Amino acid sequence: MADVSTQAQKQVIEVAFRPDIHRPLAAANAIGDVTQKLGLFERLSEKTWLRRLAVILVLVIAWELYARYASNELMFPSFSNTALAWWEGVRSGVLIRAVYGTMQVLLLGYAVAIGISALITTLAISTRVGTDVLATMTAMFNPLPAIAILPLALLWFGLGVTSLVFVIVHSVLWAVSLNTLTGFLSVSQTQRMVGRNYGLKGVGFVLRILVPAAFPSILSGLKIGWAFAWRTLIAAELVFGVSGSSAGLGWYIFQNRNALETANVFAGLLTVIIIGLLVEGVVFRSIEAVTVHRWGMQNS
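Residues numbered from 1 in each chain as written. Predicted model: local features only at pLDDT ≥ 70, side-chain atom pairs only at ≥ 80, totals over all residues. Heavy atoms only, no water.

With respect to the pattern of salt bridges
Scanning the entire structure with this criterion turns up three salt bridges. Linking Glu64 and Arg68 is a salt bridge whose minimum nitrogen-to-oxygen distance equals 2.8 Å. Of this pair, Glu64 and Arg68 both sit in helix H4 (residues 48–70), four residues apart, which is roughly one turn of that helix. Between Glu280 and Lys223 there is a salt bridge whose closest N-O contact spans 3.7 Å. Of this pair, Glu280 sits in helix H13 (residues 262–290) while Lys223 sits in helix H11 (residues 202–240), placing them 57 residues apart in sequence. Its relative accessible area of 29% is what places Glu280 among the partly exposed residues. Taking relative accessible area as the criterion, Lys223 reaches 23% and is therefore assigned partly exposed. (Salt bridge = Lys/Arg side-chain N within 4 Å of Asp/Glu carboxyl O. Helix = DSSP H or I, 4+ residues; strand = E, 2+ residues; numbered from the N terminus. Buried < 20%, exposed > 50% of the residue type's maximum accessible area, 1.4 Å probe, protein only.)

Details of the side chain of Ser117
Looking at where Ser117 falls in the secondary structure, it is placed in helix H6 (residues 94–126). Residue Ser117 is classed as buried on the basis of its relative accessible area, which comes to 2%. When residues no more than four places from it in sequence are discounted, the contact partners of Ser117 are Leu173, Val176 and Ser177. (Contact = heavy atoms within 4.5 Å.)

Some remarks on the environment of Pro143
By the element assignment, Pro143 lies in the loop between helix H7 (128–141) and helix H8 (150–157). Since its relative accessible area comes to 59%, Pro143 is described here as exposed. In this structure the C-alpha to C-alpha distance between Pro143 and Ala175, which are 32 residues apart in sequence, comes to 9.7 Å.

Here's the deal with the layout of surface pockets
Empty space within the largest pocket amounts to approximately 840 Å³. Every residue lining the largest pocket is counted, 24 residues in all, and those nearest its centre are Arg52, Leu53, Ile56, Leu277 and Leu278. When contributions to the lining of the largest pocket are tallied by element, the ones reaching two or more residues are H4 and H13. If you tally residues by element for the lining of the largest pocket, the top one is H13, at 13 residues. (1 Å grid on protein atoms, 1.4 Å probe; cavity = no way out; pocket = protein on both sides within 12 Å on 5 of 7 lines; lining within 4 Å. Points joined across faces, edges and corners; volume = space filled by probe spheres on them.)

Structural notes on a nonpolar patch on the surface
The grouping of Trp49, Leu53, Ile56, Leu57, Ile273 and Leu277 at the surface amounts to a nonpolar patch, some 600 Å² of accessible area in total. Looking at the nonpolar patch, the elements that each hand over two or more residues are H4 and H13. At four residues, H4 tops the list of elements feeding residues into the nonpolar patch. Relative to the helices and strands, Ile56 is located in helix H4. (Patch = residues over 30% accessible without salt bridge, like charges linked within 9 Å, V, L, I, M, F, W, Y side chains within 5 Å. Areas by Shrake-Rupley, 256 points an atom, 1.4 Å probe, with all protein chains shown as cover.)

Remarks on the packing of helix H5 (residues 79–92) against H6
Two elements in contact, H5 and H6, have axes separated by 4 Å at closest approach and are oriented at 80°. Of the possible angle classes, the one that applies to H5 and H6 is roughly perpendicular. On H6, the residues that touch Trp86, Gly89, Val90 and Ser92 of H5 are Val94, Leu95, Ile96 and Arg97. Class assignment for the residues of the contact of H5 with H6 results in five nonpolar, two polar and one charged. (Axes fitted to C-alpha atoms, helices over the stretch in contact; angles between N-to-C directions. Parallel < 35°, antiparallel > 145°, perpendicular 65-115°, else oblique. Nonpolar A, V, L, I, M, F, W, Y, C, P; charged D, E, K, R; others polar.)

Quick look at the structure:
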């Protein structure tokens, strides 16, 4: 045992007094390029718009192949025939007029709903009673489908734009208000105290402190409200069609369905999808770029 202990002590002493090892530094030009260049596929895969375009192309190819396999243009037209019908509708102006009529009513109802939502959420966040009132009303009316109150809208406002605007406001108002209120309530106490230290109150406090801090949630509500507005308006137009002096996309789809022009029906649905993609990819993305991404609240 003594020999083993002595040997272990010698090893410890040798390790403790082991000389340092000095290695010469290599020249920078001798090391070479330590970075690895990305291939073409890897560079392209970094582009979000290209990845989404690839998804759309896959869906289009699947659509075309299935339609050719089913070989029933009356029930399921191919993408090529749908594209031809869409172009014919655009060239003749029928589809353009339908889009114009729908967008007029849609933007009007959406703007009115945003204005009312901004007002009631500002009032709600100012007092605890207001918060309770808005939360209760949202819980009551948000699950109620807008198309379900369409008969009441027709009874109250008659056949026309006012009824359409009413149901759009109902579909958008509660979704936007709920997301806005949730965003306001999630703002940290530190940010609230900063605003109060600067003497901000009422509308100034909401605009300068709460809105920037809760903007990701507000923007999410605006997106949901836009989708709800589209679905509500198309469904309403399918029910009673012409609003005012012009017919919208819903009526265009309804007429072509009655005429068994299924390719035109798909062209109308394709128009709704195209507009939705443009609004999401251009309008809302631009808003995110200049607000949420610029403020560092969300990754690009």
